[in-house]
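Here are the chains, one letter per residue:
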Amino acid sequence: MSTKDRDRRGPRRRHLAALAVLAVLGVGCSALRAQDGSGGRASAPAAPPVAGQPAVAVPQGAAGQEVNGRLGVAERESRQQQAELAAARHWGLAALPLKAPEAPAEKPELVAGPNVLLADGLPPVVRRVPTEDNVVFLTVDDGAAKDPEFAEMAAGLDVPLSVFLSDYLARSDYDYFRAMRDRGVSVNNHTVNHPDLRRLGADALRREICGQQDRLEQEIGTRPWLFRPPYGEYTAAALRTAASCGVTAVALWTEEAFPDHLEYRYSDEKLHPGDIILTHFRDPAPGWKGTMADMLRRVIDTATAEGFAIGRLEDYL
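### Re helix 7 (residues 236-244)
Right, so step 1: Every buried residue of helix 7 is listed here: Ala-238, Leu-239, Thr-241 and Ala-242. Axial view of helix 7: buried residues confined to an arc of 160°, hence all on one face.
Right, so step 2: Elements that come into contact with the buried residues of helix 7 comprise strand 2 (125-126), helix 6 (202-220), strand 6 (226-227) and strand 7 (249-251).
Right, so step 3: Directly after helix 7, the chain includes Gly-246, whose backbone phi takes a positive value near 105°.

### Focus: unusual backbone geometry
Right, so step 1: Phi angles above zero are rare outside glycine, and Asp-142 is one such case at about 85°.
Right, so step 2: Looking at the element boundaries, Asp-142 is found in strand 3 (residues 135-142).
Right, so step 3: Assessed through its relative accessible area of 3%, Asp-142 is described here as buried.
Right, so step 4: Backbone geometry places Thr-191, a non-glycine residue, at a positive phi of 75°.

### Notes on helix 3 (residues 148-156)
Right, so step 1: Those residues of helix 3 that sit buried are Phe-150, Ala-151, Met-153 and Ala-154. Down the axis of helix 3, the buried side of the element spans an arc of 165°, and every buried residue falls inside it.
Right, so step 2: Turning to helix 3, the residues buried within the fold contact strand 3, helix 5 (174-182) and helix 8 (292-305).
Right, so step 3: Regarding helix 3, its N-cap is Asp-147, as a side-chain oxygen of that residue lies 2.9 Å from the backbone nitrogen of Glu-149 further along.
Right, so step 4: A positive phi of about 55° marks Asp-158, the residue just after helix 3.

### Topic: the environment of Asn-188
Right, so step 1: Structurally, Asn-188 is set in strand 5 (residues 186-189).
Right, so step 2: Here Asn-188 falls in the buried class, since its relative accessible area comes to 3%.
Right, so step 3: On a C-alpha basis, the gap between Asn-188 and Trp-225 in space is 7.2 Å, while along the polypeptide they are 37 residues apart.
Right, so step 4: In contact with Asn-188, not counting residues within four places along its chain, are Ser-162, Val-163, Phe-164, Leu-165, Leu-216, Pro-224, Leu-226 and Glu-314.

### Structural notes on the confidence of the model for the chain
Detailed reading of the predicted coordinates is not advisable wherever pLDDT is low.
Right, so step 1: Put simply, the chain has an average pLDDT of 85, and 79% of its residues get 70 or more.
Right, so step 2: Note on residues 1-47: pLDDT is under 50 here. Beyond four places in sequence and across chains, it has 25 contacts.

### A look at the packing of helix 3 against helix 8
Right, so step 1: Between helix 3 and helix 8, the least distance of the axes is 8 Å, while the angle of their chain directions is 30°. Taken together, the axes of helix 3 and helix 8 are roughly parallel relative to one another. For the pair helix 3 and helix 8, contact is made by Glu-149, Phe-150, Met-153 and Ala-154 and by Met-292, Ala-293, Met-295, Leu-296 and Arg-297, respectively.
Right, so step 2: Residues that form the contact of helix 3 with helix 8 fall into these classes: seven nonpolar, no polar and two charged.

Conventions adopted
Residues numbered from 1 in each chain as written. Predicted model: local features only at pLDDT ≥ 70, side-chain atom pairs only at ≥ 80, totals over all residues. Heavy atoms only, no water. Buried < 20%, exposed > 50% of the residue type's maximum accessible area, 1.4 Å probe, protein only. Helix = DSSP H or I, 4+ residues; strand = E, 2+ residues; numbered from the N terminus. Arc of directions from axis to C-beta. Contact = heavy atoms within 4.5 Å. Polar contact = N/O pair within 3.5 Å; in protein donor to acceptor, adjacent residues only side chain to side chain. pLDDT = per-residue confidence, 0-100. Axes fitted to C-alpha atoms, helices over the stretch in contact; angles between N-to-C directions. Parallel < 35°, antiparallel > 145°, perpendicular 65-115°, else oblique. Nonpolar A, V, L, I, M, F, W, Y, C, P; charged D, E, K, R; others polar.

Now the structure itself:
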């Protein structure tokens, strides 16, 4: 063969080799998708080697692993987004809920002001968490109704909840609240019998507050550090009693949620970063026009429309 013929065949061989590499890489990606369940189609057979050309191996070094890793992450993220969208549609939401930011590395510093009340030796009383994150917190009180649809909806949408239980209402079915705990819901103290703490002496305060700490530790397995006084009413003696049995913060609220509306503490009637939303475990009734699922839908849609995610109160307080 002449030198001129070899020169003409050189580029052609390099072109054929490049095509072989692309064919093998394409087969590798198809096989990855098939193994990962994305499409269920069988992989195409590898292209036969070109006569006279060396075999080309599928890349197995760092570069190939990086490509495969990126494909896996992208597919997982796509599946997750599709699952979240399907859940939002299933529960009748107006839009996909916003994702809460990562929990802060350190909880916000509590400084005395209109939404944070501080006193020496007493747990802080917080209506709104001081944060710049576009996040609000949903808290559910008492434990009267044990609505399975509400628990399923909150779990299916991965909505963080903080519940504050009164034993006299929750005791009929602590299994319901243990199941919520197992899904990541935090369970906190709302006294044993839901009395007005302003009317109680020292012994009764201890029975109501510390007694519920003991009860929740027995039933739920953890001793709460958050406390909500019934009716939002308390005294310095009540706060001292709560501190003596493990309470480190008292959570009040800035809004109250119902199935058909929200009630706002402030006249601008809109959410703010760090707002704590109160609601209750309720069945449909004249003053509760809907279900617990309706209430949750109302809160999520309102928060999403105003640019807020629902976060986990215990991460901030």
